[in-house]
Number of protein chains: 2
Amino acid sequence: MTKKLTTWVEVPPQSDFTIYNLPYGIFTTVDRSPRPGIAIGDQILDLRELMRTGLLDELGMPLGVFRKELLNDFIALGKPVWTRFRNRVIELLSEGNEELKPHAAQVLVPQADAEMKMPVHIGDYTDFYSSKEHATNVGKMFRDPENALLPNWKHLPVGYHGRASSIVVSGTPIHRPKGQTIPAGTDKPVFGPSRLLDFELEMAFVIGRETALGESIPVEKAEDYIFGMVLFNDWSARDIQKWEYVPLGPFLGKSFASSISPWIVTMDALDPFRMENYPQDEPVLSYLESKEPHRFDLNLEVAIQPDGGDENIVTRTNFKYMYWNICQQLAHHTVNGCNVRIGDMCASGTISGPTPDSYGSMLELSWRGQNPISLSDGSERKFIQDKDTVVMRGFGKKGDIRVGFGEVRTKVLPSN
Amino acid sequence: MTKKLTTWVEVPPQSDFTIYNLPYGIFTTVDRSPRPGIAIGDQILDLRELMRTGLLDELGMPLGVFRKELLNDFIALGKPVWTRFRNRVIELLSEGNEELKPHAAQVLVPQADAEMKMPVHIGDYTDFYSSKEHATNVGKMFRDPENALLPNWKHLPVGYHGRASSIVVSGTPIHRPKGQTIPAGTDKPVFGPSRLLDFELEMAFVIGRETALGESIPVEKAEDYIFGMVLFNDWSARDIQKWEYVPLGPFLGKSFASSISPWIVTMDALDPFRMENYPQDEPVLSYLESKEPHRFDLNLEVAIQPDGGDENIVTRTNFKYMYWNICQQLAHHTVNGCNVRIGDMCASGTISGPTPDSYGSMLELSWRGQNPISLSDGSERKFIQDKDTVVMRGFGKKGDIRVGFGEVRTKVLPSN
């Protein structure tokens, strides 16, 4: 289906950043100000310098689009431009093409020399709750094991508005949040650092096309409004959330930080990993009926690395476990006329698989702390400790084609 | 306490826009592109033109700050600049000052000729739930009349993240949202236009100073981080919200639109209406202890105007009925390290007074539709009908000093 591609850039085996991928990010080095780039192997293709070579002139793109420090203006050029540009970059990087090679020293930057920045300005951030296994696990723990899913869950992709300001890029350390929690057996809250800090393994899509207020996106058109995807760590303070969240939902238990991977992998690059939608066991209203395949087979994992220690993989799961797909989520989000803007981010909710070693949060992996997880240094984890680093990774693989997200890596510092 | 001020600009009696007010907005006319202005009487002081007169040179402000189409860059100059600039504008507009008068034709624009635009870019929008009477009324209707307030309510200002993209300025019509609702006595949702569209009378403050991720704002410093306030109509589709909101809070029942008044009234202008804080009947954790007065005596009202008909005032209430003040809200919002950005908006939650004619929503005024409200044209309202216009107004008055917000006026169009 996909044509076999090879590149003259050296790409190590098992690299996430093959010529089939070509994800977009914003990077900076000691002598390059923040600017758009594309990851290829261990290198970054500097798009500002690429534009200066004149090799993109035939595309007729605005010359200033890569002089920006965010990708929003490039994304705003629209899907036909994304595709033409991608095809031209594939051509320039392909084995046998000699156009770009003479400029290699100018346009290629080692990733090791670069620092990654936030790739887009995020207008609004929405978090869904679309893994049936996760919602079931949480329902079993906190509500009724016999009726773990709430009545609305199979009729609509439950979601809520999150905080956009506190989304940070991989590599940015976060502080353990402080807040109100309620000690067991009392009715008076106490104040202090959260004792139940958790990750949530999620993926998020990035809006690529804006709508007007009052407009709705039909489910089968929704992918046209999506630029690409990132890994998303929806940090959660379970004890703060538990006390605050009734009746209006999560607030300070989430808004202290969320972390994303720096490279936006485009929907074009994810196409080889497309699969039939999750078999939904309740009929849905027609605006949510999704017949075309909008589900993706993407392997995901989370590692915990204690301070100065080794990485311990604590879960392996897959994006395919999502009950609601991204098109259903976006159709639902806009069915009331809510407008979306370029750069808006919609996260999946915690992605849990069917087995206990494929759950997407410590809450589930340790089952509220009842089953601590043993690490290679002999220590145990119920939740995340100060100075732990949490690393999430993800990739698709089909035959020779490998497309990955890199990682989102975050160190947890003690409370301020 | 406040010095008596008079201006050479004609200010009609009962004008919201006296020389004590001087609120900021963004306006445009047929021959002026969108730009910052200050309301005075029935006029707008064009700040871009004011800058060109040279009469602000002594302030040393960046020359381009009023060439922007939003107020964020002006606000970013900081509180000392806001105060110096305000004092200079008071001086220039004062009776007896002759500096600006010769430029009047150039710098003053009739409000009748202007269209108001969004005053700021809103990064994030948060909605609180801080009126005890409102939370009690809702609790009585939907939960337990004997235990109307949830256990956390008096310990923290409950809040949730809202949608920033769909906040529109007064004068922008909105469409009745469509969505899923659950008919009484069934367990299968249906799809269609909301039948229970409601306003919520709120006020919102605008962040004037950013914080870093991980930083918290102390309660007694919080006003330094607030630029000013607007009227806020938190449109709500009660039937959509009821079905969707468990367990993660309001989503599509709110995100179709919120409406704000176009003029940001500064904290300096609101100072005369300051009063002792609401007497809280439970002790709070120390980070929420607010001893200085951060409550404001501001009269509020809502009118419904049927298509082609007269305005009917359906409620009169006051911002002083807020149990949690704006400084407690902002201290709580940031206690977990959540960062705020200039232009972020924090709404109060529905402001209901103690008597049934002072409730801030149709839900409460009609008590879930049990007590319809009679309008002057003989019709009745349980909720808001298509083609109704909802108008909110607010002002403070103390002796000769009157400072008002103008209005937020929104017509409801049928579903798309």
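Please read these numbers as outputs of a predicted model, since none were measured by experiment. (Residues numbered from 1 in each chain as written. Chains lettered and ligands numbered in written order. Predicted model: local features only at pLDDT ≥ 70, side-chain atom pairs only at ≥ 80, totals over all residues. Heavy atoms only, no water.)

Here's the deal with the overall build of chain A
- For chain A, the count of helices and strands is 9 helices and 26 strands.
- For 416 residues, the compact-globule formula gives about 22 Å, and the C-alpha radius of gyration of chain A, at 21 Å, lands near that figure.
- In terms of its C-alpha atoms, chain A occupies a principal-axis envelope of roughly 70 × 55 × 40 Å.
- For chain A, the residues scored as buried account for 63% of the 416 residues in total. (Helix = DSSP H or I, 4+ residues; strand = E, 2+ residues; numbered from the N terminus. Rg over C-alpha atoms; globule rule 2.2 N^0.38 Å. Buried < 20%, exposed > 50% of the residue type's maximum accessible area, 1.4 Å probe, protein only.)

Focus on the pattern of salt bridges
- Inspection of every chain in the model, using the stated rule, returns 68 salt bridges over all chains.
- Put simply, R163 of chain A and D124 of chain B hold a salt bridge, and the shortest N to O gap is 3.5 Å. Within this pair, whereas R163 of chain A is found in the loop between strand 7 (159–161) and strand 8 (167–169), its partner D124 of chain B is found in the loop between strand 5 (115–117) and strand 6 (125–128), the two belonging to separate chains. Each member of the pair, R163 of chain A as well as D124 of chain B, is classed as buried.
- In the salt-bridge network here, residues are joined through shared partners; they are E301, E311, R316, R393, E407 and R409 of chain A. (Salt bridge = Lys/Arg side-chain N within 4 Å of Asp/Glu carboxyl O.)

Here we look at the relation of the copies chain A and chain B
- Each copy superposes on the other: chain A lies on chain B with an RMSD of 0.0 Å after a rotation of 180° and an axial shift of 0.0 Å. Taken together, the rotation angle and the small translation identify this as a two-fold axis. For chain A, the smallest separation between a C-alpha atom and the rotation axis is recorded for G249 of chain A, amounting to 2.1 Å.
- The residues that chain A uses at the interface reappear at the interface of chain B in 100% of cases, marking a shared surface. (Least-squares fit on C-alpha atoms with pLDDT ≥ 70 in both. Contact = heavy atoms within 4.5 Å.)

Observations regarding the domain arrangement of chain A
Residues and elements named next belong to chain A.
- Annotation of chain A at the domain level lists domain 1 (24–117) and domain 2 (125–413).
- The distance between the C-alpha centroids of domain 1 and domain 2 comes to 30 Å.
- With 17 residues of domain 1 in contact, the opposing surface of domain 2 contributes 15 residues.
- Of the roughly 1400 Å² buried between domain 1 and domain 2, counting both surfaces, carbon and sulfur atoms make up 67%.
- Remark: the boundary between domain 1 and domain 2 carries 1 salt bridge.
- Between K79 and D224 there is a salt bridge, with its nearest N and O atoms 3.0 Å apart.
- Taken together, the connections running from domain 1 to domain 2 amount to 3 residue pairs in polar contact (both at pLDDT 80 or more).
- When contributions to the side of domain 1 that touches domain 2 are tallied by element, the ones reaching two or more residues are strand 1 (24–29), strand 2 (32–40), helix 2 (72–75), helix 3 (79–93) and strand 5 (115–117).
- Ranked by residues supplied to the side of domain 1 that touches domain 2, first place goes to helix 3 with 4 residues.
- Across the side of domain 1 that touches domain 2, the residue classes tally to 10 nonpolar, 4 polar and 3 charged. (Domains from an automatic or database assignment. Buried area = accessible area lost by both parts, 1.4 Å probe. Polar contact = N/O pair within 3.5 Å; in protein donor to acceptor, adjacent residues only side chain to side chain. Nonpolar A, V, L, I, M, F, W, Y, C, P; charged D, E, K, R; others polar.)

As for the side chain of S352 of chain A
All names here are of chain A.
- Within the secondary structure, S352 is located in the loop between strand 22 (345–347) and helix 9 (362–365).
- Note on S352: relative accessible area 0%, which makes it buried.
- Separated by 2.8 Å, the side chains of S352 and E364 make a polar contact.
- Those residues in contact with S352, other than ones at most four positions away along the chain, are S131, E133, H134, N137, T317, Y321, S358, Y359, G360 and E364.

Observations concerning the interface of chain A and chain B
- Chain A puts 59 residues into the contact, and the matching count from chain B is 60 residues.
- Buried area between chain A and chain B, summed over both chains or domains, comes out near 5600 Å², and the portion from carbon and sulfur atoms is 61%.
- The largest contributions to the chain A side of the interface with chain B come from H161, L248 and F251 of chain A, which together make up 15% of the buried area.
- Summed over the shared surface of chain A and chain B, the number is 6 salt bridges.
- One can count 26 residue pairs in polar contact (both at pLDDT 80 or more) joining chain A with chain B.
- Counting only elements with at least two residues in the side of chain A that touches chain B, the list comes to strand 6 (125–128), strand 7, strand 10 (178–181), strand 11 (190–193), helix 6 (238–244) and helix 8 (326–334) of chain A.

Considerations on the pairing of strand 2 (residues 32–40) of chain B
Residue and element names in this part refer to chain B.
- Here strand 2 lies mainly inside the structure; 8 of its 9 residues are buried.
- Examined bridge by bridge, strand 1 (residues 24–29) and strand 2 share 5 bridges and lie antiparallel to one another. Each bridged residue has a counterpart across the sheet, and for Y24 the counterpart in strand 2 is I38.
- The loop that links strand 1 with its antiparallel partner strand 2 comprises 2 residues.
- Bridging between strand 2 and strand 3 (residues 43–46) involves 4 bridges; their strand directions are antiparallel. Residue pairing in the sheet places G37 in a bridge with D46 of strand 3.
- In this structure, the hairpin formed by strand 2 and strand 3 is closed by a connection of 2 residues, where G41 is found at a positive phi of approximately 55°. (Pairing = 2+ DSSP bridges.)

With respect to the sheet that holds strand 20 (residues 299–305) of chain B
Residues and elements named next belong to chain B.
- Reading across the sheet, the 5 strands line up as 9-26-25-20-21 and stay open at both edges, with mixed pairing between neighbours. With partners counted over all chains shown, the strands left at the sheet margins are strand 9 (174–175) and strand 21 (312–318), one partner each.
- The pairing of strand 9 with strand 26 (residues 401–413) spans 2 bridges and is parallel. Within strand 26, the residue paired with H175 across the bridge is L413.

Digging into the state of the cysteines
All names here are of chain B.
- Scanning all chains against the criterion turns up 0 disulfides over all chains.
- C346 takes part in no disulfide bond, and the closest cysteine sulfur to it belongs to C338, at a distance of 9.0 Å.
- For C346, a relative accessible area of 3% gives the class buried. (Disulfide = S-S within 2.5 Å.)

Quick look at the sheet that holds strand 4 (residues 108–110) of chain A
All names here are of chain A.
- Spatially, 4-3-2-1-5 is the arrangement adopted by the 5 strands of the open sheet, whose pairing is antiparallel. Whereas interior strands pair on both sides, the edge strands pair on one side only; in this sheet they are strand 4 and strand 5. The mean inter-strand angle of the sheet, taken between neighbouring strand axes irrespective of direction, is 50°.
- In this structure, strand 1 lies alongside strand 5, joined through 3 bridges in antiparallel fashion. (Axes fitted to C-alpha atoms, helices over the stretch in contact; angles between N-to-C directions.)

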